[in-house]
Amino acid sequence: MTDTDSSVDAEAAGSGDSGPPSEDADPEDVPGFGDLSILQRAFVAAVQNPSRGLLVVGLFAFALAFYAAFWLSFPRAAGLLSAVAVVVTLVAVLVYWLLDRVSR
């Protein structure tokens, strides 16, 4: 145990809202990570590592700006690549849906 761990433990012990768990709280009712939706998983990942979450947001903003610049510079090529991306996405969704139906 490091010094920072002991100081965090001391702060947690001194907080007013920490106490014994509720009698009616059942550990079996807590959802597993696999039960979470994609957005909930992204939120959990961002809370666990905020710097990585900021990096992903920054990369998404850069990609969006690059995509807008691509449309302004080469509209026909961007339209073609966007259409290809839509078709690939639809095929992926269809395959995912079919595999989900078969697995049930």
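One can find the structure itself at the top, above this paragraph.
Thresholds applied
- Residues numbered from 1 in each chain as written.
- Predicted model: local features only at pLDDT ≥ 70, side-chain atom pairs only at ≥ 80, totals over all residues.
- Heavy atoms only, no water.
- Helix = DSSP H or I, 4+ residues; strand = E, 2+ residues; numbered from the N terminus.
- Expected span 1.5 Å × (residues − 1).
- Buried < 20%, exposed > 50% of the residue type's maximum accessible area, 1.4 Å probe, protein only.
- Phe/Tyr/Trp six-rings, centres within 6.5 Å; stacked < 30°, edge-to-face > 60°.
- Axes fitted to C-alpha atoms, helices over the stretch in contact; angles between N-to-C directions.
- Parallel < 35°, antiparallel > 145°, perpendicular 65-115°, else oblique.
- Contact = heavy atoms within 4.5 Å.
- Nonpolar A, V, L, I, M, F, W, Y, C, P; charged D, E, K, R; others polar.

J.: Which residues make up helix H3 (residues 50-73), and what values do they have?
T.: When the terminal C-alpha atoms of H3 are compared, their 34 Å separation across 24 residues agrees well with the 34 Å that a helix rising 1.5 Å per residue should span. Counting buried residues along H3, only zero of its 24 residues qualify, which leaves the element largely exposed.

J.: So what's going on with the packing of aromatic side chains? Residues and values would help.
T.: Taken as a whole and judged by the stated rule, the model has two aromatic pairs. Taking the centre distance of 6.3 Å and the plane angle of 85° together, the rings of Tyr 67 and Trp 71 count as edge-to-face. With Tyr 67 and Trp 71 both in helix H3 and four residues apart, the pair spans about one turn of that helix. You can call Tyr 67 partly exposed: its relative accessible area is 38%. Ring geometry for Phe 70 against Phe 74: centres 6.0 Å apart, planes inclined by 55°, an arrangement best described as tilted.

J.: An account of the packing of H3 against helix H4 (residues 75-103) is requested, with residue identities and associated values reported.
T.: Put simply, H3 and H4 touch, their axes get as near as 5 Å, and they point 125° apart. In this view, H3 runs oblique relative to H4, as classed from their interaxial angle. Contact with H3, carried on its side by Tyr 67, Phe 70, Trp 71, Leu 72 and Ser 73, involves Pro 75, Ala 77, Ala 78, Gly 79, Leu 81 and Ser 82 of H4 and no other residues of that element. When the residues that make up the contact of H3 with H4 are grouped by side-chain class, the tally is eight nonpolar, three polar and no charged.

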